[in-house]
Amino acid sequence: MASRVERQAVSVPIGPYRPIVRAGPWLICSGQLGLAPPTVPPDGPATLIEGGVVAQLRQALANGAGLLRGEGADVTAVVKTTVFLTAMADYAAVNEEYAAFFGDHRPARSVVAVAGLPMGALVEVELWAYLDAT
């Protein structure tokens, strides 16, 4: 990962799904939003991080990285991502932050424009990681 200060990961699902699923050598992270770390009390409602699409992407990627760490992996195992944007005008800013997060690691990626995302989020990221058995 890039040399940025690591953000606290948030992995609380906001719907009837599991945040991460292991299927053989695959780890599939459900779409991650830029959910803010819990405040006091820690079981309060989930909220989006402030600061726009770049801040939300940074937090969504940190949330995904936290899920991977919980399964003994890191972002270098990510082989595919899907990024959902509510505004393609944010594409360049998202590219810059995405590249900073992954550094020299370049997973395959799709970027999809959507009409809306849960909680009014500006960006959502799905991650697929492969754990080599060797």
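Procedures and definitions
Residues numbered from 1 in each chain as written. Predicted model: local features only at pLDDT ≥ 70, side-chain atom pairs only at ≥ 80, totals over all residues. Heavy atoms only, no water. Phe/Tyr/Trp six-rings, centres within 6.5 Å; stacked < 30°, edge-to-face > 60°. Helix = DSSP H or I, 4+ residues; strand = E, 2+ residues; numbered from the N terminus. Lys NZ or Arg CZ within 6 Å of the ring centre and 35° of its normal. Pairing = 2+ DSSP bridges. Buried < 20%, exposed > 50% of the residue type's maximum accessible area, 1.4 Å probe, protein only. Contact = heavy atoms within 4.5 Å. Salt bridge = Lys/Arg side-chain N within 4 Å of Asp/Glu carboxyl O.

Trainee: In this structure, what is going on with the packing of aromatic side chains? I would like to understand it.
Mentor: Any aromatic ring pair is given by two values, namely how distant the centres are and how the planes are angled relative to each other. For the structure shown, the criterion picks out 4 aromatic pairs. Ring centres of W26 and W128 lie 5.9 Å apart, and the angle between their planes is 75°; on these two criteria the pair is classed as edge-to-face. Taken together, the residues span a long stretch of sequence, with W26 in strand β2 (residues 26–32) and W128 in strand β5 (residues 123–130) at a distance of 102 residues. Their ring planes at 50° and their centres at 4.8 Å tell us that Y98 and F102 sit as a pair that is tilted. One end of the pair is Y98 and the other is F102, both in helix α2 (residues 91–102) and 4 residues apart, which spans about a single turn. Aromatic ring contacts, followed pair by pair, group W26, W128 and Y130 into a single cluster. Between R109 and the ring centre of Y98, over which it is positioned, the NZ or CZ distance is 4.7 Å.

Trainee: Before we go on, may I ask you to explain the pairing of strand β3 (residues 78–85) in this structure?
Mentor: Strand residues, when the strand is regular, have side chains that alternate between the two faces of the sheet. Pairing geometry for β3 and β5, over 7 bridges, is antiparallel. When the bridges of β5 are listed, T81 appears paired with L127. Judged from the 6 bridges that link them, β3 and strand β4 (residues 108–113) form a sheet pairing that is parallel. Following the sheet pairing, T82 is matched in β4 by S110.

Trainee: I'm lost on the pairing of β2 in this one. Help?
Mentor: Of all the 7 residues making up β2, 5 are buried; the element is thus mostly covered by neighbouring parts of the structure. Pairing between strand β1 (residues 20–23) and β2: 4 bridges, direction antiparallel. Considered in β2, the bridge of V21 is made with I28. Adjacent in sequence and paired antiparallel, β1 and β2 are bridged by 2 residues, among which G24 carries a positive phi angle near 60°.

Trainee: I would appreciate a short explanation of the environment of A77 in the present structure.
Mentor: Tracing the sequence through the fold places A77 in the loop between α1 (52–70) and β3. When the C-alpha positions of A77 and D132 are compared, they lie 8.5 Å apart, and in sequence the two are 55 residues distant. Apart from residues no more than four positions distant in its own chain, A77 is found in contact with W128, A129, Y130 and L131.

Trainee: What should I look at first to understand the pattern of salt bridges in this one?
Mentor: Oppositely charged side chains can form a pair if their charged atoms are brought close together. As enumerated under the stated definition, the model contains 2 salt bridges in all. In this structure, R22 engages E71 in a salt bridge whose closest nitrogen and oxygen atoms are separated by 3.3 Å. With R22 in strand β1 and E71 in the loop between α1 and β3, this pair connects stretches of sequence that are 49 residues apart. Take R22: its relative accessible area is 42%, and that puts it in the partly exposed class. Of the residues examined, E71 reaches a relative accessible area of 31% and is grouped as partly exposed.

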